[in-house]
Amino acid sequence: MLNKQQIRYCLDVFEKMYPEAECELNHTNPFELLVAVVLSAQATDALVNKVTPGLFEKYKTPEDYVSVSLEELQQDVKRIGLYRNKAKNIQKLSQTLIESYDGQVPRTKEQLESLAGVGRKTANVVASVAFDEPAIAVDTHVERVSKRLGICRWKDSVLEVEKTLMRKIPESEWSVTHHRMIFFGRYHCKAQRPNCEECSLLTLCREGQKRMKKKAHSK
DNA sequence: AACTCGGGGCA
DNA sequence: TGCCCAGAGTT
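In this text, all values refer to a predicted model and were calculated from it rather than measured experimentally. (Residues numbered from 1 in each chain as written. Chains lettered and ligands numbered in written order. Predicted model: local features only at pLDDT ≥ 70, side-chain atom pairs only at ≥ 80, totals over all residues. Heavy atoms only, no water.)

By the criterion of burial, helix H10 (residues 140-149) is predominantly enclosed, with eight of the 10 residues buried. Three or more residues of H10 are buried, namely His 141, Val 142, Arg 144, Val 145, Ser 146, Lys 147, Arg 148 and Leu 149. Elements that come into contact with the buried residues of H10 comprise helix H1 (4-17), helix H11 (158-168), helix H12 (174-188) and helix H13 (206-218). Trailing H10 by a residue or two, Gly 150 shows a phi angle of about 100 degrees, which is positive. (Buried < 20%, exposed > 50% of the residue type's maximum accessible area, 1.4 Å probe, protein only. Helix = DSSP H or I, 4+ residues; strand = E, 2+ residues; numbered from the N terminus. Contact = heavy atoms within 4.5 Å.)

To continue, consider the domain arrangement of chain A. Under the domain assignment, chain A is made up of domain 1 (4-22 + 136-212) and domain 2 (30-131). Taking only C-alpha atoms into account, the centre of domain 1 sits 28 Å from that of domain 2. The partner domain 2 presents four residues to the six residues of domain 1 that form the contact. Of the roughly 540 Å² buried between domain 1 and domain 2, counting both surfaces, carbon and sulfur atoms make up 60%. When the buried surface of domain 1 facing domain 2 is broken down by residue, Ala 137, Leu 159 and Glu 162 rank first, second and third, together holding 50% of it. Our count for the domain 1 to domain 2 interface comes out at one salt bridge. (Domains from an automatic or database assignment. Buried area = accessible area lost by both parts, 1.4 Å probe. Salt bridge = Lys/Arg side-chain N within 4 Å of Asp/Glu carboxyl O.)

Leaving glycine out, the prevailing phi sign among residues is negative, and the prevailing peptide bond configuration is trans. Of note in the backbone geometry, Gln 42 takes a positive phi value of approximately 60 degrees without being a glycine. In this structure, Gln 42 sits in the loop between helix H2 (30-39) and helix H3 (45-51). The phi torsion at Asp 102 lies on the positive side, around 55 degrees, for a residue other than glycine. As for its position among the elements, Asp 102 is in the loop between helix H7 (83-100) and helix H8 (109-113). For Asp 102, a relative accessible area of 69% puts it in the exposed group.

Another point: the protein's contact with DNA strand B. Near DNA strand B, the surroundings consist of Gln 42, Leu 47, Lys 50, Lys 78, Arg 79, Ile 80, Gly 81, Leu 82, Tyr 83, Arg 84 and Asn 85. Within 4 Å of the protein, the contacting atoms of DNA strand B are drawn from sugar and phosphate to the extent of 56%. Within the contact set of DNA strand B, a base nitrogen lies 3.1 Å away from a backbone nitrogen or oxygen of Gln 42. Of all the secondary-structure elements, those providing two or more residues to the surface near DNA strand B are H3 and H7. Residues of the surface near DNA strand B, tallied by class, amount to four nonpolar, three polar and four charged. (Near = heavy atom within 4 Å. Polar contact = N/O pair within 3.5 Å; in protein donor to acceptor, adjacent residues only side chain to side chain. Nonpolar A, V, L, I, M, F, W, Y, C, P; charged D, E, K, R; others polar.)

Core analysis: the largest hydrophobic core is formed by 34 residues, its most contacted members being Leu 34, Leu 39, Tyr 65, Leu 73, Val 77, Leu 93 and Val 105. Elements supplying a minimum of two residues to this core: H2, H3, helix H4 (55-58), H7 and helix H9 (120-131). A per-element tally of this core places H2 first, with eight residues. Those residues within four positions of Val 105 in sequence are excluded, and the remaining contacts are Pro 30, Phe 31, Leu 34, Leu 97, Leu 112, Val 126 and Phe 131. (Core = buried A, V, L, I, M, F, W, Y, C linked by side-chain atoms within 4.5 Å.)

With respect to the helices and strands, the residue Lys 147 is situated in helix H10. Take Lys 147: its relative accessible area is 9%, and that puts it in the buried class. Lys 147 has contacts with Cys 152, Arg 153, Trp 154, Asp 156, Val 161 and Arg 206, leaving out every residue within four places of it along the chain.

Before going further, it helps to examine the UniProt feature "domain: HhH-GPD" (unreviewed entry) in chain A. As recorded in UniProt, the sites labelled "domain: HhH-GPD" (unreviewed entry) are residues 39-187. Its end C-alpha atoms 22 Å apart, residues 39-187 is made of 64% helix and 0% strand. (UniProt positions renumbered as here; feature names shortened; annotations may be inferred.)

For the coordinates displayed, the defined rule picks out five aromatic pairs. Between the aromatic rings of Phe 14 and Phe 184, the centroid separation amounts to 4.8 Å while the plane-to-plane angle is 50 degrees, which identifies the pairing as tilted. Of this pair, Phe 14 sits in helix H1 while Phe 184 sits in helix H12; the two residues are 170 residues apart in sequence, bridging distant segments of the chain. Phe 184 shares its class with Phe 14; the two are buried. Put simply, the rings of Tyr 18, Phe 183 and Tyr 187 touch in pairs and so form one group of aromatic residues. (Phe/Tyr/Trp six-rings, centres within 6.5 Å; stacked < 30°, edge-to-face > 60°.)

Put into structure tokens, the structure is as follows:
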């Protein structure tokens, strides 16, 4: 397991590699952000914007989503994938906002997570990005990178990964770190072929050491 | 813990 | 072409 100083070094490397890794979730209001994150499950937010241009012009409020038929909404989000569930959840979620939250998006993680189609990850993203609530959203990239480097344990659950990160990273950097780790995981520490040879963190990386040793042995 | 939804992106 | 993906709900 990496200590705080080693983790500090990792964060600095992330910053050097992806200095401009701001949030790609560039939305004007919490509701639009919430819908975008729900839609981008198993896809990317960039894909949502690319594949459904004009979606957020057509649908601006919870009322807009429940005013159309399920079939119409499904057609509008069809090209994102997993569209049947997502469309259904967004209508259900919109209904809940109208009935229980005066049409507004709730601020707390617990309230967010109780909405249809909103799991722990989505709840944390919305809470932290839209409301500056203290939260770290652990997605597959963050989880993989944390485990490979040794920031957390291999068998840690998502919840445990989240708690460890919150404990070992200064709160003021949670948001930036989250997005830099995603870039790092997506472009460098990839699931299939991580680029260990050209990694500045190789010397302290648990998984990297293992892989290099294995590679040397196989020669 | 495993399974399902699913079209787009990428090799 | 085939494989994978910034997840969540159900069994």
